Amino acid sequence: QKEVEQNSGPLSVPEGAIASLNCTYSDRGSQSFFWYRQYSGKSPELIMFIYSNGDKEDGRFTAQLNKASQYVSLLIRDSQPSDSATYLCAVTLSGGYQKVTFGIGTKLQVIP
Amino acid sequence: DAGVIQSPRHEVTEMGQEVTLRCKPISGHDYLFWYRQTMMRGLELLIYFNNNVPIDDSGMPEDRFSAKMPNASFSTLKIQPSEPRDSAVYFCASSLKGGGGYTFGSGTRLTVV
């Protein structure tokens, strides 16, 4: 079992819709969770982080965390073509909080 | 702030040659990470430093890989000898406190032929 699992996609959504990106992790001791966005040919950039169970909102982005289910998600409201990118879920593992393990990433395509 | 600076942006080398990748972290960041990204395996942590000291090199694939951080503003990742399976994008990232809030450099795309 991979430490951080994501569906590689592509996930296609129409412009204006809600995009839902999901991630599961295997380490119950994980404490910190991150979402990075990576445009094709570019480097990852941090867009959201969440530490506590529940929702965290930032503009059109909402991160959701459920530690009991070992599940973290990212919702993008009013999706725009400029949101088309690969979204990487990253998790700190217990015993090594300074480093994160990344999922393979989900490619999102927003169709105009 | 110039961000994390990596060089070169692209490197094409022949199998068996030595390759050196360079990174300048953001000033004041205490943590520096080297990652490798491929389509098949995604982003993999190779090694990370805290205050110039290597903390965890368990991700370094084999003895052909080595990394150094002689001072707070410079790090190198060296591959000797290089092999075609080393072809990937190598990212350097830095962080103020570790723990996942990283700033990545633009990466070095390495092709070994």
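Shown above is the structure to which this text applies.
What counts as what
Position numbers for residues count from 1 along each chain, tracking the sequence in the order it is written. Throughout, the order in which chains and ligands are written sets their labels, letters from A for the former and numbers from 1 for the latter. Reporting in this predicted model follows two pLDDT cut-offs: at least 70 for local features of residues, and 80 or more for side-chain atom pairs to be given and counted; totals over whole chains, interfaces and linings ignore these cut-offs and use all residues. Think of the side-chain values as coming from all heavy atoms in the structure, minus any hydrogens and water. The criterion used for residue contact is that any of the two residues' heavy atoms lie within 4.5 Å. Summed over both partners, buried area is the accessible surface (1.4 Å probe) that two parts give up on being assembled. A pairing counts as a salt bridge when a side-chain nitrogen of Lys or Arg comes within 4 Å of a carboxyl oxygen of Asp or Glu. For this analysis, a polar contact is any N or O atom pair within 3.5 Å, provided that within protein one partner can donate a hydrogen and the other can accept it, and provided that sequence-adjacent residues contribute only side-chain to side-chain pairs. Helix and strand assignments come from DSSP, with helices taken as H or I runs of at least 4 residues and strands as E runs of at least 2, each series counted from the N terminus. When a residue's accessible area, from a 1.4 Å probe over protein chains only, is under 20% of the maximum for its type it is buried; when over 50% it is exposed; and in between it is partly exposed. By this definition, two strands are paired if DSSP reports at least two bridges between them. Stacked, edge-to-face and tilted are the three classes for Phe, Tyr and Trp ring pairs, Trp counted by its six-membered ring, which pair at centre distances within 6.5 Å; planes under 30 degrees apart are stacked, over 60 edge-to-face, the rest tilted. Ring-over charges, as used throughout, are those where CZ of Arg or NZ of Lys falls within 6 Å of the ring centre and within 35 degrees of the ring normal.

**Student:** Which residues make up the interface of chain A and chain B, and what values do they have?
**Tutor:** Chain A puts 16 residues into the contact, and the matching count from chain B is 23 residues. Here chain A packs against chain B, burying approximately 1400 Å² in sum over the two surfaces, 54% of which is carbon and sulfur. Across the chain A-chain B interface, the total number found is 0 salt bridges. Applying the counting criterion to the chain A and chain B interface returns 5 residue pairs in polar contact (both at pLDDT 80 or more). Only strand 4 (33-38), strand 9 (85-93) and strand 10 (96-102) of chain A provide two or more residues apiece to the side of chain A that touches chain B.

**Student:** Describe the pairing of strand 4 (residues 31-38) of chain B, and please don't skip the residues or the numbers.
**Tutor:** Residues and elements named next belong to chain B. The buried count for strand 4 comes to 7 of 8 residues, which makes it a mostly enclosed element. Connecting strand 4 to the next strand, strand 5 (residues 42-50), in antiparallel fashion are 3 residues. Pairing of strand 4 with strand 9 (residues 88-95), which is carried by 7 bridges, proceeds in the antiparallel orientation. Within strand 9, the position partnered with Arg-36 by the bridge is Tyr-90.

**Student:** Residue-level account of the environment of Ile50(A), with values.
**Tutor:** Residues and elements named next belong to chain A. As for its placement among the helices and strands, Ile-50 is situated in strand 5 (residues 45-50). Accessibility expressed as a relative area gives 4% for Ile-50, which makes it buried. Measuring from C-alpha to C-alpha, the distance between Ile-50 and Val-72 comes to 9.0 Å, with 22 residues separating the pair along the chain. Apart from residues lying up to four places away in sequence, Ile-50 is in contact with Gln-31, Ser-32, Phe-33, Asp-55, Lys-56, Ala-63, Gln-64, Leu-65 and Val-72.

**Student:** Tell me about the packing of aromatic side chains, residues and numbers included.
**Tutor:** This model, assessed by the stated rule, comprises 15 aromatic pairs over all chains. Each ring, one from Tyr36(A) and one from Phe104(B), has its centre 5.7 Å from the other, and the planes form 90°; the classification is edge-to-face. Of this pair, Tyr36(A) sits in strand 4 while Phe104(B) sits in strand 10 (residues 103-104), each in a different chain. Residue Phe104(B) is classed as buried on the basis of its relative accessible area, which comes to 7%. A ring pair is formed by Phe102(A) and Tyr35(B), whose centres lie 5.4 Å apart and whose planes are at 90°; its orientation type is edge-to-face. Residue Phe102(A) is found in strand 10, and its partner Tyr35(B) is found in strand 4; the two belong to separate chains. For the pair shown, Phe102(A) and Tyr35(B) are each scored as buried. Through a chain of ring-to-ring contacts, the aromatic side chains of Tyr36(A), Phe102(A), Tyr31(B), Phe33(B), Tyr35(B), Tyr48(B), Phe91(B), Tyr102(B) and Phe104(B) assemble into a single cluster. Over the aromatic face of Phe49(A) sits the side chain of Lys56(A), whose NZ or CZ is 3.4 Å from the ring centroid. Taking the ring centre of Phe61(A) as reference, the NZ or CZ of Arg60(A) above it sits at 5.6 Å.

**Student:** Pulling in residues and values, what's your account of unusual backbone geometry?
**Tutor:** The residue after Ser7(B), namely Pro8(B), is reached through a cis peptide bond having omega -10°. Secondary-structure assignment places Pro8(B) in the loop between strand 1 (5-7) and strand 2 (10-13). Omega for the peptide link from Gln80(B) to Pro81(B) comes to -5°, which places this bond in the cis form. Looking at where Pro81(B) falls in the secondary structure, it is placed in the loop between strand 8 (74-79) and strand 9. We note that Gln70(A) has phi near 55°; this positive angle belongs to a residue other than glycine. Along the chain, Gln70(A) turns up in the loop between strand 7 (61-66) and strand 8 (71-76). By relative accessible area, Gln70(A) is classed as buried at 11%.

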